[in-house]
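Architecture and fold: a report
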Amino acid sequence: MTDFLTDLPEPKLSKVKQSGLADEMKAGLHAPICLTWEWTYGCNLSCVHCLSSSGRRDPNELNTEQMKAVIDQLAEMQVFYINVGGGEPTIRSDFFELVEYAIDQGVGVKFSTNGGMITQEKAERIASMDYLDVQISLDGMDAETNDAVRGEGSYDMAIAAMDHLHSAGMKGFKISVVMTTNNVDQVDEYEALARKYDAELRLTRLRPSGRGAETWNELKLTQAQQIELYNWLLIRPHILTGDSFFHLSALGEPLPGLNLCGAGRVVCLIDPVGDVYACPFVLHDEFKAGSLLDDGGFAHIWRESDLFLSLREPGSEGACGSCGSWDACQGGCMAAKFFTGIPLDGPDPECVKGHGAELLEGDRTLPAAGPDHSKPNGASAVKLMSRPGGKRLA
């Protein structure tokens, strides 16, 4: 599963407006601006950082009519759009039927794909539809880097999908990259690739959840790489991040966006069987707010669940209270802390001030792993490769 949260339409907010919006959204909205919805756990790949440990379909995944009923609920709540992911959502035989149904109900669709199912014919169908956006996942600017994470042949698969979309005349599709220590030095090449395809570049943060819990230590950015990425992003407000790197704002000037954790306030996640979680990065029972199959459906969960109401309460500065950067980074990512055994009121494990690293060196209790939908011998069969050297970010 990929990280596909809100990318604000304005490239950069003023500090005053940014602060006002953040304060309003901390208290939660009557309906989410957008939500991430995994349509299946099935996937043709076994990416080593997959947040939902996807691979095999779950026999209890919502069927077509149940999915349409959920779309009806979201339309009634005036949800602006849904971020569709998986697994690989395009493997569902009813994929286009559901996309068209959502759009007909006034709910826009953004879907994330590895590109394996995007033929020229399907690309032309996608390009012909209004209120439909697509992002192609690519975690390396060469097959060696990408395929070490996403699986053999996945680089060629993604490039072919981009070729098809570009040939179909679709402009503005997204190229989505999970930043790792092995690809962060390729960001200039990614920016050039986006220009080549008339696409937009979207960089997201690696989280230690799902299969990513097993590979995070190896793939996460070094402190030096985080600082270089921050400086690179700061002068490129057109690069999308979906607030993925708000913890880096502790370095100085805030990055574009709201710079806060939107879990249960602005966004949430629906999984393939209808369970609702606080955000796409915390697929764990501790952050499950309810099931769409229960009375009241999604609206009741969003507005009344104990979990979401608690997340909207003013947060404690906790161990970060004595740090002068609290207002900038808000303590960082809740999911990153949870899955590394750091208290939720503690520092982000990748805190740029080094406070998280100190806690990672101590004794911690890690949460039990969530459901694993991996294919037999799937992710473990992909050998991670290190890339030597590499250029610095320009």
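Structure: see above.
This write-up is about the structure you can find in this document. Sequence order as written defines the numbering, with residues in each chain counted from 1. At least 70 in pLDDT is required for a residue's local features to be given in this predicted model, at least 80 for side-chain atom pairs to be given and counted, and no such filter applies to totals for whole chains, interfaces and linings, which use all residues. Excluding hydrogens and water, the side-chain figures rest on all heavy atoms present in the structure.

Across its full length, the protein carries 14 helices and 9 strands. Partly exposed describes any residue whose relative accessible area lies between the buried limit of under 20% and the exposed limit of over 50%, with all areas from a 1.4 Å probe on protein chains only and scaled to the type maximum. A buried classification covers 60% of the 394 residues belonging to the protein. Put simply, of all contacts in the protein between residues at least 6 apart along the chain, 74% involve residues at least 24 apart. Carbon and sulfur atoms provide 50% of the accessible area of the protein, an area that totals close to 16200 Å². In this text, helices come from DSSP runs of H or I with a minimum length of four residues, and strands from runs of E with a minimum of two, each type numbered from the N-terminal end. Should any heavy atoms of two residues lie within 4.5 Å, those residues are counted as being in contact. Shrake-Rupley sampling with a 1.4 Å probe provides the accessible areas, and residues are treated as covered by the protein chains on show and by no other component.

The next thing to look at is helix 6 (residues 154–167). Taking 1.5 Å per residue as the helical rise, helix 6 with its 14 residues ought to reach 20 Å, and the 20 Å between its terminal C-alpha atoms agrees with that figure. All buried positions along helix 6 are accounted for by S154, Y155, A158, I159, A161, M162 and L165. Buried residues along helix 6 cover an arc of 155 degrees about the axis, so they all sit on one side. When the buried face of helix 6 is taken as reference, the exposed residues oriented beyond 90 degrees from it are D156 and S167. Buried residues belonging to helix 6 abut helix 4 (120–127), strand 4 (132–137), helix 5 (143–150), strand 5 (174–179) and helix 7 (187–196). By this rule the span expected of a helix is its residue count minus one, scaled by 1.5 Å. Arc, as used here, means the arc of the directions from the helix axis to the C-beta atoms.

Let's shift gears to the pattern of salt bridges. Salt bridge criterion: a side-chain nitrogen from Lys or Arg within 4 Å of a carboxyl oxygen from Asp or Glu. Applying the stated rule across the entire model yields 13 salt bridges. Among the salt bridges present, the one from E61 reaches R57, with a minimum N-O distance of 2.8 Å. With a relative accessible area of 9%, E61 lands in the buried category. By relative accessible area, R57 is classed as partly exposed at 44%. A salt bridge links E100 to R125, with the nearest nitrogen and oxygen atoms 2.9 Å apart. Of this pair, E100 sits in helix 3 (residues 95–104) while R125 sits in helix 4, and the two are 25 residues apart along the sequence. Look at E100 and you get partly exposed, because its relative accessible area is 30%. Taking the relative accessible area as the measure of exposure, R125 reaches 37% and is therefore partly exposed. Each of D133, K174 and E200 takes part in one network of salt bridges that share partners.

Here we come to the nonpolar core. Formed by 88 residues in total, the largest nonpolar core has its most connected members in W37, L138, I175, L203, F298 and F308. For I175, the contacting residues outside a window of four places in its chain are I136, L138, M162, Y190, L193, A194, A199, E200, L201 and R202. Definition of nonpolar core: a set of buried residues of the types Ala, Val, Leu, Ile, Met, Phe, Trp, Tyr and Cys, connected through side-chain atoms within 4.5 Å. V178, L219, I342 and L360 belong to the second largest nonpolar core, which has 8 residues in total.

This next bit is on the state of the cysteines. Here, two cysteine sulfur atoms that lie within 2.5 Å of each other are counted as a disulfide. A complete count under the given rule lists 0 disulfides for this structure. Of the cysteine sulfurs around C261, a residue in no disulfide, the closest is that of C279, at 6.1 Å. Given a relative accessible area of 22%, C261 falls into the partly exposed group. Distance from the sulfur of C320, which forms no disulfide, to the nearest cysteine sulfur (C329) is 6.0 Å. Note on C320: relative accessible area 11%, which makes it buried.

What follows is about helix 8 (residues 212–219). Here helix 8 has its buried residues at G212, T215, W216 and L219. Considered in projection along helix 8, the buried side chains sweep an arc of 130 degrees and stay on one side of the axis. Exposed side of helix 8, more than 90 degrees from the buried face: E214 and N217 are the residues found there. Packed against the buried residues of helix 8 are helix 5 and helix 14 (355–360).

All right, on to the sheet that holds strand 1 (residues 34–38) then. When DSSP finds at least two bridges between two strands, those strands are taken to pair. Here we have 9 strands laid out as an open sheet, ordered 6-5-4-3-2-1-7-8-9, and mixed in their pairing. The open sheet has two edge strands, strand 6 (200–205) and strand 9 (288–291), and neither has a second partner. As defined by bridge partners, strand 8 (residues 275–277) adjoins strand 9 across 3 bridges and the pair is classed as antiparallel. Residue pairing for strand 9: V276 is matched across the bridge by G290. Each axis is a line fitted through C-alpha atoms, taken for helices only over the stretch in contact, and angles between the N-to-C directions span 0 to 180 degrees. On the sheet, helix 2 (residues 64–76) packs against strand 1, strand 2 (81–85) and strand 7 (269–270) and is oriented at approximately 175 degrees with respect to strand 1. In this fold helix 7 packs onto strand 5 and strand 6, with an angle of close to 145 degrees to the strand it touches most, strand 6.

Remember, this is a structural readout, not a statement about activity or role.
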